[in-house]
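Observations on the three-dimensional arrangement
The lines below spell out each chain.
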Amino acid sequence: MTFKTAKMDLDAALNVVKNSLGSDGLEAHLVFRKPLDGIDNKVEVLTYSGRLCASAFFTASLEDASEANMFTIEYKRLNELLSALPDDAVLTFKSEDKVVDVSVVGRKAVPRYQSLDPEDFRFWDKYLDPNDPEAAKLVATLSSKRLASALKQARMFTSNNESRNPEFCVAEVKDGYLISTDNKTISFVIVDALKDSTLRIHYKDAGNIIAFLDALDAQVEVLEYPRGMFFRRSDGAVFGEGRFQVAFPVVSIPEFEDQYHWVLSTDKLVAAMKILKSCAVEGDRTLTIARPKNEGPVLVSMKSTTGKIVTEEITPLSSGESSDDVDFADEFDVDLDSLEKVLKTYNLDEIRVGLNKRKRGGYCRFSTRTFASDNYQGDDYQVFLRWLRSV
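The paragraphs below set out a description of the structure included in this document. (Residues numbered from 1 in each chain as written. Predicted model: local features only at pLDDT ≥ 70, side-chain atom pairs only at ≥ 80, totals over all residues. Heavy atoms only, no water.)

This part covers the overall build of the chain. For the chain, the count of helices and strands is six helices and 27 strands. Across its three principal axes, the chain shows a C-alpha extent of roughly 85 × 45 × 45 Å. Per element, the accessible surface of the chain, about 19,500 Å² overall, is 46% carbon and sulfur. (Helix = DSSP H or I, 4+ residues; strand = E, 2+ residues; numbered from the N terminus. Areas by Shrake-Rupley, 256 points an atom, 1.4 Å probe, with all protein chains shown as cover.)

Structure (structure tokens):
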């Protein structure tokens, strides 16, 4: 197989697939292949790590169609070569007898690389063949940026404690709700386009999937089968993940209404938290929140290293309640790190804090909407922060 391509075109394809490489053997190699469906002036590159997989097309001129139609090169070695070349470099790849020569226009040296047997590669793309009885099914089509945004919030609130709670290390779609939890907060992202999906994404893989989705503002198809899922962009690039065996636990969907709420300046809340942290006991992450008077300021406090309580005041921009009969807690504690994570995730000038008391404890609810349009009110982003204590 012989083809000529521009470095910039090849780089773009490698940026798609490099995050799904393994550490040795064929899992550390790129597989270059003539497109199976007769696409002209393109070469396909594929990768598989054992859990992740990817493929992308790049522009190339095939110069000898009579030779073997695929070969491999170790990514690390090819990347080192490309890093030494200018962006406008033009390369010719020629494979023969498990050896790949890469010549560069204007350079004397012709680096030679070993090709492993591509027939031993696990060609996962058979699950994208609609004629295969085990083929993945199309369950959703939506903007890649929209899906990336939903996954960013879900990833923020997954646990990384796989040894203790593996079921909390995934974000999973259930009836159109993308749900995740770190055992202190629980996130719900309601995306109508995912109502037929059962996506289950491990937190370790979420960053690579988000990078793939964020790289191009395009439509993306979500395809699923029992052992995994694929994301296929409109440019033909594909990124896939094997399905993690431990499922997200069954949870009840809470009410998306509040007994009481405050609207606070995010900057003032963040500043108050920083002031309190500066004098707090080392390792103490308990923030006490209170509003003794309905029309008065919100009080946030922490215990200082002297043993005394330090309090800061924040005047709400607005507030309200759903019922006059609400028996509302005067004071409650939350985890400071979790609240900081919520504020960072939403990144709003003003934050609406919903307050809800239960027989035991209660929770704060934070919500916003994104990707609204003329005929759609937007995806619903919800985070619930559990109270540690209430009075």
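After that view of the structure, there is still more to cover.
By the element assignment, threonine 288 lies in strand E19 (residues 286-290). For the pair threonine 288 and tyrosine 113, spaced 175 residues apart in the sequence, the C-alpha separation amounts to 62 Å. If we ignore the near neighbours within four places in the chain, the residues touching threonine 288 are Leu299, Val300, Ser301, Glu331, Phe332, Asp333 and Arg389. There is a polar contact of 2.7 Å between the side chain of threonine 288 and the side chain of aspartate 333. (Contact = heavy atoms within 4.5 Å. Polar contact = N/O pair within 3.5 Å; in protein donor to acceptor, adjacent residues only side chain to side chain.)

With that out of the way, let us pick up the nonpolar core. Core analysis: the biggest nonpolar cluster contains 89 residues, and Phe32, Phe93, Phe231 and Leu287 have the highest contact counts within it. Excluding residues that lie within four positions of it along the chain, phenylalanine 93 makes contacts with Met1, Thr2, Phe3, Thr5, Leu10, Phe71, Ile73, Leu78, Val100, Asp101 and Val102. Counting residues in each nonpolar core, the second largest holds 14 residues, with Trp124, Leu128, Tyr225 and Phe230 among its members. (Core = buried A, V, L, I, M, F, W, Y, C linked by side-chain atoms within 4.5 Å. Buried < 20%, exposed > 50% of the residue type's maximum accessible area, 1.4 Å probe, protein only.)

Another aspect to go through is the sheet that holds strand E1 (residues 2-6). Taken together, five strands build an open sheet; the order of strands is E5-E1-E7-E8-E9 and the sheet is antiparallel. Two strands close off the open sheet at either side, each with one partner strand: strand E5 (61-64) and strand E9 (112-114). Across the sheet, the axes of successive neighbouring strands diverge by a mean angle of 25 degrees, strand direction being ignored. Across the sheet, helix H1 (residues 7-17) touches E1 and strand E7 (90-96), and the angle it forms with E1 is around 95 degrees. Strand contacts of helix H2 (residues 75-83): E7, strand E8 (99-104) and E9, with the helix running at about 150 degrees to E7, the strand carrying the most contacts. (Pairing = 2+ DSSP bridges. Axes fitted to C-alpha atoms, helices over the stretch in contact; angles between N-to-C directions.)

Right, let's talk about helix H4 (residues 203-214) for a bit. Because an α-helix packs 3.6 residues into every turn, residues spaced three or four apart end up facing the same way. When the terminal C-alpha atoms of H4 are compared, their 17 Å separation across twelve residues agrees well with the 16 Å that a helix rising 1.5 Å per residue should span. For H4, the full list of buried residues reads Asp205, Ala206, Ile209, Ile210, Phe212 and Leu213. Viewed end-on, H4 has its buried residues packed into an arc of 160 degrees, placing them on one side of the element. (Expected span 1.5 Å × (residues − 1). Arc of directions from axis to C-beta.)

Time to look at the packing of helix H3 (residues 144-156) against H4. Between H3 and H4, the shortest axis-to-axis distance is 9 Å and the interhelical angle comes to 155 degrees. Taken as axis vectors, H3 and H4 run roughly antiparallel relative to one another. Pair H3 / H4 crosses with left-handed handedness. Only Tyr203, Ala206, Gly207, Ile209, Ile210, Leu213 and Asp214 of H4 make contact with H3, whose side of the interface consists of Ser144, Lys145, Leu147, Ala148, Leu151, Lys152 and Arg155. Here the contact of H3 with H4 is built from residues that sort into eight nonpolar, two polar and four charged. (Parallel < 35°, antiparallel > 145°, perpendicular 65-115°, else oblique. Left-handed = near helix turned anticlockwise from the far one by under 90°. Nonpolar A, V, L, I, M, F, W, Y, C, P; charged D, E, K, R; others polar.)

Okay, the pairing of strand E23 (residues 331-335) next. Across the five residues of E23, four count as buried, placing the element largely inside the fold. Alignment of E19 against E23, held across five bridges, turns out to be antiparallel. Bridge pairing in E23 places alanine 290 opposite glutamate 331. Bridge count for E23 against strand E27 (residues 389-390) is two bridges, and the pairing is antiparallel. Counterpart to aspartate 333 in the pairing with E27 is arginine 389.

What follows is about the side chain of threonine 185. Mapped onto the secondary structure, threonine 185 falls in strand E13 (residues 185-190). Taking relative accessible area as the criterion, threonine 185 reaches 2% and is therefore assigned buried. Residues within four places of threonine 185 in sequence aside, it is in contact with Phe157, Ser180, Ser338, Val383, Phe384 and Leu385.

The subject of this paragraph is the packing of aromatic side chains. This model, assessed by the stated rule, comprises 20 aromatic pairs. Each ring, one from phenylalanine 3 and one from phenylalanine 71, has its centre 6.1 Å from the other, and the planes form 15 degrees; the classification is stacked. Remark: phenylalanine 71 occurs in strand E6 (residues 70-74) and phenylalanine 3 occurs in strand E1; sequence separation between them is 68 residues. A residue is classified by how much of its surface remains accessible, and phenylalanine 3, at 0% relative accessible area, is buried. On the basis of an interplanar angle of 65 degrees and a centroid distance of 6.1 Å, the ring pair of phenylalanine 188 and phenylalanine 256 is categorised as edge-to-face. Note that phenylalanine 188 is positioned in strand E13 and phenylalanine 256 in the loop between strand E17 (238-242) and strand E18 (260-265), a separation of 68 residues in sequence. Owing to a relative accessible area of 1%, phenylalanine 188 belongs among the buried residues under this scheme. We note arginine 233 situated over the ring of phenylalanine 212; from NZ or CZ to the ring centre the distance is 4.6 Å. (Phe/Tyr/Trp six-rings, centres within 6.5 Å; stacked < 30°, edge-to-face > 60°. Lys NZ or Arg CZ within 6 Å of the ring centre and 35° of its normal.)

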